[in-house]
Amino acid sequence: LDVLAKHPQDLVLTDLKMPGMSGIELLQKIKEEYLEVVVIVVTAYGTIESAVEAMRLGAYDYIIKPVNADALKLIVSRALEHHRLQEEVKNLRSAIDRKFGFESIIGKSKNLLSTLDNASRAAQADSTVLVRGETGTGKEAVAEALVQASPRAAAPFVVIDCSALPANLIESELFGHVKGAFTGAHSDYRGAFERAAGGTVFLDEIGELPLDLQPKLLRVLERREVRRIGSESVRAVDVRVIAATNRDLGAEVNERRFRQ
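Below or above, wherever it landed, is the structure these notes cover. In this text the structure is predicted, and so the values were computed from the model without any measurement. (Residues numbered from 1 in each chain as written. Predicted model: local features only at pLDDT ≥ 70, side-chain atom pairs only at ≥ 80, totals over all residues. Heavy atoms only, no water.)

## Overview of the overall build of the protein chain
Right, on to step 1. For the protein chain, the helix and strand inventory stands at 10 helices and 9 strands.
Right, on to step 2. Whereas a compact globule of 260 residues would reach a radius of gyration of roughly 18 Å, the protein chain reaches 24 Å, over 25% beyond that.
Right, on to step 3. Dimensions of the protein chain, computed from the C-alpha atoms along their principal axes, are close to 75 × 55 × 30 Å.
Right, on to step 4. When each of the 260 residues of the protein chain is scored for burial, the buried share is 36%.
Right, on to step 5. Intrachain contacts of the protein chain at a sequence separation of at least 6 include 64% that bridge at least 24 residues.
Right, on to step 6. Carbon and sulfur atoms make up 52% of the accessible area of the protein chain, which totals about 15,700 Å².
Right, on to step 7. Between the centroid of the 34 positive side chains of the protein chain and the centroid of its 37 negative side chains there is a distance of 1 Å. (Helix = DSSP H or I, 4+ residues; strand = E, 2+ residues; numbered from the N terminus. Rg over C-alpha atoms; globule rule 2.2 N^0.38 Å. Buried < 20%, exposed > 50% of the residue type's maximum accessible area, 1.4 Å probe, protein only. Contact = heavy atoms within 4.5 Å. Areas by Shrake-Rupley, 256 points an atom, 1.4 Å probe, with all protein chains shown as cover. Lys, Arg positive; Asp, Glu negative; His and termini not counted. Charge placed at Lys NZ, Arg CZ, Asp CG, Glu CD.)

## Side note on the packing of aromatic side chains
Right, on to step 1. Scanning the entire structure with this criterion turns up 2 aromatic pairs.
Right, on to step 2. Here Lys 17 stacks its cationic end above the ring of Tyr 45, 5.6 Å away from the centre of that ring. (Phe/Tyr/Trp six-rings, centres within 6.5 Å; stacked < 30°, edge-to-face > 60°. Lys NZ or Arg CZ within 6 Å of the ring centre and 35° of its normal.)

## Section: unusual backbone geometry
Right, on to step 1. Geometrically, the link from Lys 65 to Pro 66 is a cis peptide bond, its omega value of 0° lying close to zero.
Right, on to step 2. Relative to the assigned elements, Pro 66 resides in the loop between strand S3 (61–64) and helix H4 (69–100).
Right, on to step 3. Here Arg 224, not a glycine, exhibits a phi torsion of approximately 55°, which is positive.
Right, on to step 4. In this fold, Arg 224 is placed in the loop between helix H9 (214–223) and strand S7 (225–226).
Right, on to step 5. The class for Arg 224 is partly exposed, based on a relative accessible area of 23%.
Right, on to step 6. The backbone of Arg 256 sits at a positive phi, close to 60°, despite the residue not being glycine.
Right, on to step 7. Structurally, the position occupied by Arg 256 is in the segment after helix H10 (249–254).
Right, on to step 8. On the basis of relative accessible area, Arg 256 is assigned to the exposed category, the value being 74%.

## Some points on the pairing of strand S4 (residues 129–132)
Two faces make up the sheet, and in a regular strand the side chains alternate between them.
Right, on to step 1. Burial along S4 is one-sided: Val 129 and Val 131 are buried, while Leu 130 and Arg 132, pointing the other way, are not.
Right, on to step 2. Where S4 lies against strand S9 (residues 240–245), 4 bridges are found, and the strand directions are parallel. From the neighbouring strand, Val 129 faces S9, where its bridge partner is Ile 242. (Pairing = 2+ DSSP bridges.)

## Describing the environment of Ala 154
Right, on to step 1. Within the fold, Ala 154 resides in the loop between helix H6 (139–148) and strand S5 (157–161).
Right, on to step 2. Linking Ala 154 and Gly 198, residues 44 residues apart in sequence, is a C-alpha distance of 9.3 Å.

## Examining the pattern of salt bridges
Right, on to step 1. By the definition in use, this model includes 15 salt bridges.
Right, on to step 2. The salt bridge partner of Glu 53 is Arg 56, with a shortest N-O separation of 3.0 Å. Here Arg 56 and Glu 53 lie together in helix H3 (residues 48–56), a separation of 3 residues that amounts to about one turn.
Right, on to step 3. Taking the relative accessible area as the measure of exposure, Glu 53 reaches 29% and is therefore partly exposed.
Right, on to step 4. Note on Arg 56: relative accessible area 59%, which makes it exposed.
Right, on to step 5. Glu 171 is the salt-bridge partner of Lys 216, the closest N and O atoms lying 3.1 Å from each other. Of the two residues, Lys 216 is situated in helix H9 and Glu 171 in helix H7 (residues 167–175); the sequence distance between them amounts to 45 residues.
Right, on to step 6. For Glu 171, a relative accessible area of 24% gives the class partly exposed. (Salt bridge = Lys/Arg side-chain N within 4 Å of Asp/Glu carboxyl O.)

## Some remarks on the sheet that holds S9
Right, on to step 1. In space, the 4 strands of this open sheet follow the order S4-S9-S6-S5, with parallel pairing throughout. What marks the edges here is a single partner per strand, and that holds for S4 and S5. Direction aside, neighbouring strands of the sheet carry axes that sit 15° apart on average.
Right, on to step 2. Where S5 meets strand S6 (residues 200–204), 5 bridges bridge the pair, whose relative direction is parallel. (Axes fitted to C-alpha atoms, helices over the stretch in contact; angles between N-to-C directions.)

## Brief notes about the nonpolar core
Right, on to step 1. Ranked by internal contacts, the top residues of the largest apolar core, which has 23 residues, are Leu 174, Phe 193, Leu 203, Ile 206, Leu 209 and Val 220.
Right, on to step 2. Secondary-structure elements contributing two or more residues to this core are S5, H7, helix H8 (192–195), S6, H9 and S9.
Right, on to step 3. Here this core takes 3 residues from H7, the largest share from any one element.
Right, on to step 4. When neighbours within four sequence positions are excluded, Ile 206 is seen to be in contact with Leu 130, Cys 162, Leu 217, Ala 243, Ala 244, Thr 245, Leu 249 and Phe 258. (Core = buried A, V, L, I, M, F, W, Y, C linked by side-chain atoms within 4.5 Å.)

## Quick notes on H3
Right, on to step 1. Residues of H3 that are buried include every one of Ser 50, Ala 51 and Ala 54, and no others. An end-on view of H3 places all buried positions within 100° of arc, on one side of the element. Along H3, exposed side chains directed more than 90 degrees from the buried face belong to Ile 48, Glu 49, Val 52 and Arg 56.
Right, on to step 2. Buried residues along H3 sit in contact with helix H2 (23–33), strand S2 (38–43) and S3.
Right, on to step 3. Gly 58 lies just past H3 and shows a positive phi near 110°. (Arc of directions from axis to C-beta.)

Keep in mind that these numbers describe shape and distance, not what the molecule does.
Structure (structure tokens):
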């Protein structure tokens, strides 16, 4: 672990039974801190349980002693090729993100360039983002580019248009419901925040969200948890929220049509 902290490595070969820390514990720590490092576990005390645990935690392979040198060389060669391909995919994905992210939005105006600069910096943070602008100015395009440039780019991206859903459906669509919660609720339903687990929810025209639902949205923003309609329990959700509106939310707050 000291070596990994000082010098990047592609691959680690570790025994299973060692003093101070087991190979399984070492594997877990490596995968928590250095996900890209390939780990191969070697042991003379192999069991199905330890093999399953090692693979579950992300080991590339699990080898029983005595080790055949030629077989080990072949496994290491394959593991390094696997690592090279992973790096290649990561680089290609980064190139695609750049192409279809902010670079896909074309314009020269000072205001647009300033907006894109702010958005590109906000993309790397995990905070909630509000995109403001008149109808037709490309708010959703900015939101999509922001997601593509964020660490959550490969995770789910769920879009909800608050102005297009009837008031009696939007609560269920956002927060979900349990079976029997209302007429027609024949089964449990995951709302947008649960469907976007690990990713991003884009709430278009957030200014249209009914006032009585805004406290439930506030719970998601502050506590990262949702309560399905008809349920007494809350569920933790790991999501980022991006919202957009063509309304002046400051004026909406003053008119008591939107929660501050």
